[in-house]
Each structure stands twice: as structure tokens, then as C-alpha cells.
Amino acid sequence: MESFPNQNWSAEFSRQLDGFKRETEEKLAQRYGRAFTITNMIGNAGVEEVQLFIRAEGDEPLVFTARVTEGSVVRDDYVARLRLRECERALEAELARAGCEALVSAAMPRCDSTGLPVDTPIAQLLEREEVYGLLARVALKAPVENGSAVEDALKALGLRLGKWTVFSGYALDEAGFEACRELFATLPEVTEAIITDLDPVAEFSVSVRDGECVATDVKGDVLKGGAFNGR
């Protein structure tokens, strides 16, 4: 895999690349009526597709992904990211009310929301055949004293969404938490490997499916109460 901005391209290719970026940004601006900036482009050798990380400018910038195939066809998940950000903010606020400082990065794997109205509800996105659920990475600032409140907040969101929801949680010290804040603000999706590199002091997974909430893979003794007891 190669990240295009880090390559030492010829002047001619750099001009072509700049033209490609401008054309793609203009297509997205026409599609959604706001300004966009491509922040990174990734391609696989032998595959006629480029993955883009794109920043939507505004009062609160938002980063999402798009894929451009041969013929300059642009597919994106912008509308899905709008709805996911609303879920992220709602869960962060709920955890704050429970006394837990938290950061949330949510993903709806395989959801292509190209060209949908910007007010498309998340329930409609979750009903799409290719979407099997929602994955949210939850970073908590350690120490976390009220595991029951964390569990309740995650369960409530999962039940509201009505689709299989998996929360991967991490308790981090102050330095790790602030590093995680920067990652969540600049990447459209944060992987487990990226967060575990920040050395979390505790980890857990919570799955909400068919009305049931199950906590598994609990590691560390920072989380206390609720389903986290005795794990």
C-alpha cells in the first residue's frame, strides 16, 4: 500500500495529481453544497481504485472517506459520517453526565451513502442490506469508577439504534487520552491497533444485540461495577 502524498513524484505527475484532487473536491462540493479538502490518498498496486481521506470544512470539521475508481466515479460515506458523528457526540455527553470523560469514534462498515440527502436518518442507513451493524471505539479517561454507568450508556445507545452494535472500550491515562483525541479528530476510522499502541490501562468489549448487552474481553482493573465485575 502506498500513500501518495509521501512520494517523490515528477513535476508532471504532481500536476496531474493536483488536478485529480481539485476535480474530486469540486464533485463533492456540487454533491453536498459545502467545501471539502482531500487530506490523504491511498492506492493499492494493481487495483484501479484510490481511497481518499477527506475533510469537510465548517464550524466542526468532519473527516470521511471516498473511493475513486477508473472513470473518476466517486463513492463516499459523507452522510453516514454525519449521522455517526451525532451518535458519537450523544454518547460522549451521556458518559460525561455519568462522570466519565470519553471520546467516541464510530463506524458503519460497508455503508456507502453516496448522494443521499444530508438529513437521511441513521435508522434508514442501518436498514441497508450491506450494513450489518455499528462499531464504536470508546476511549475513557482513567480512572473510571462507575462501570455500571458506562455499561448503561452503551446499552441505551445500542438499543436505540436497534441494530447489532459493538463497543470496543479503552481506559487511557491523560497522555494517551489526549493522543486519542487527536487521532479521532483526524482519521475517519481508528483501528484497534492504533489505540492499543497508546498503552491503555484497561480494555473491554460490549455487544448489544437483540435487546441484550454482554461485556466480554475485559482486561485491567480500572473499570468497576456492572457487567465488568469479576472479569
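Along each chain, numbering runs from 1 in the same order as the chain's sequence is written. Since the coordinates come from a predicted model, pLDDT governs what is reported: local features require at least 70, and pairs of side-chain atoms require 80 or more to be given and counted, while whole-chain, interface and lining totals use all residues. Each side-chain value is worked out from all heavy atoms of the structure, with water and hydrogens disregarded.

J.: A description of helix 4 (residues 147-161) should follow, citing residues and the corresponding values.
T.: In this description a helix means any DSSP run of H or I spanning at least four residues, a strand means any run of E spanning at least two, and both kinds are numbered starting from the N terminus. The length a helix should cover is 1.5 Å for every residue beyond the first. Over its 15 residues, helix 4 extends 22 Å from the first C-alpha to the last, a length consistent with the 21 Å expected when each residue adds 1.5 Å. Accessibility here uses a 1.4 Å probe with only protein chains present; expressed as a share of the type maximum, an area under 20% marks a residue as buried, one over 50% as exposed, and anything in between as partly exposed. Gly147, Ala149, Val150, Glu151, Ala153, Leu154, Leu157, Gly158 and Leu161 are the residues of helix 4 that are buried. Among the structural elements, helix 2 (78-97), helix 3 (122-126), strand 7 (134-141), strand 8 (165-172), strand 9 (202-209) and strand 10 (212-219) are those in contact with the buried residues of helix 4. Throughout, a residue-residue contact means that at least one pair of heavy atoms, one from each residue, lies within 4.5 Å.

J.: Just give me the short version of the pairing of strand 10, but keep the residues and values in it.
T.: We treat two strands as partners when DSSP finds at least two bridges between them. Where strand 9 lies against strand 10, six bridges are found, and the strand directions are antiparallel. Bridging from a neighbouring strand, Val208 pairs with Cys213 of strand 10. In textbook terms, the turn of a hairpin is the stretch between consecutive antiparallel strands, and for strand 9 and strand 10 this stretch comprises two residues, one of which, Asp210, has a positive phi near 55°.

J.: An account of the side chain of Thr165 is needed here, citing residue identities and associated values.
T.: Tracing the sequence through the fold places Thr165 in strand 8. Overall, Thr165 belongs to the buried group, its relative accessible area being 0%. Side-chain atoms alone can form a polar contact between residues adjacent in sequence; in general such a contact is a pair of N or O atoms within 3.5 Å, and within protein one must be able to donate a hydrogen while the other accepts it. A distance of 2.8 Å separates a polar atom in the side chain of Thr165 from the backbone oxygen of Lys163. Other than its neighbours up to four places away in sequence, Thr165 contacts Leu134, Gly158, Val206, Ser207 and Val208.

J.: Give me the lowdown on the sheet that holds strand 7, citing residues and values where you can.
T.: The mixed open sheet is built from five strands, whose spatial order is 6-7-8-9-10. The open sheet terminates on both sides in strands that have one partner only, identified here as strand 6 (102-107) and strand 10. Here the average twist between neighbouring strands, direction ignored, is 15°. Where strand 6 lies against strand 7, six bridges are found, and the strand directions are antiparallel. Among the inter-strand pairings, Leu103 is bridged to a residue of strand 7, identified as Ala139. Note on method: axes are straight lines fitted to C-alpha atoms, helices fitted across the in-contact stretch only, with angles between N-to-C directions ranging 0 to 180 degrees. Here helix 4 sits on the sheet and contacts strand 7, strand 8, strand 9 and strand 10; the angle it forms with strand 9, its principal contact strand, is near 35°.

J.: Tell me about the side chain of Ser168, and please be specific about residues and values.
T.: Mapped onto the secondary structure, Ser168 falls in strand 8. We classify Ser168 as buried; its relative accessible area is 14%.

J.: Can you break down the environment of Thr24 residue by residue, with the values?
T.: Tracing the chain through its elements places Thr24 in helix 1 (residues 11-32). Separated by 12 residues in the primary sequence, Thr24 and Phe36 have C-alpha atoms spaced 9.1 Å apart. Beyond its immediate stretch of four places on either side in the chain, Thr24 contacts Ile38, Leu52, Val68 and Val74.

J.: Got a sec to walk through unusual backbone geometry? Specific residues and values, please.
T.: In this model, Ala142 is joined to Pro143 through a cis peptide bond whose omega is 0°. Here Pro143 is to be found in the loop between strand 7 and helix 4. Not every positive phi belongs to a glycine, and Arg110 is a case in point at roughly 70°. Mapped onto the fold, Arg110 is located in the loop between strand 6 and helix 3. Positive phi outside glycine occurs at Asp199, with the angle close to 60°. Note that Asp199 resides in the loop between helix 6 (192-196) and strand 9.

J.: An account of helix 5 (residues 174-186) is requested, with residue identities and associated values reported.
T.: Along its 13 residues, helix 5 runs 19 Å from first to last C-alpha, staying within 8% of the 18 Å computed at 1.5 Å per residue. Among the residues of helix 5, those classed as buried are Gly176, Phe177, Cys180 and Phe184. In an axial view of helix 5, the angular spread of the buried residues amounts to 95°, which keeps them on one side of the axis. Along helix 5, the residues that are exposed and aim more than 90 degrees away from the buried face are Glu174, Ala175 and Glu182. It is the directions from the helix axis to the C-beta atoms that the arc portrays.

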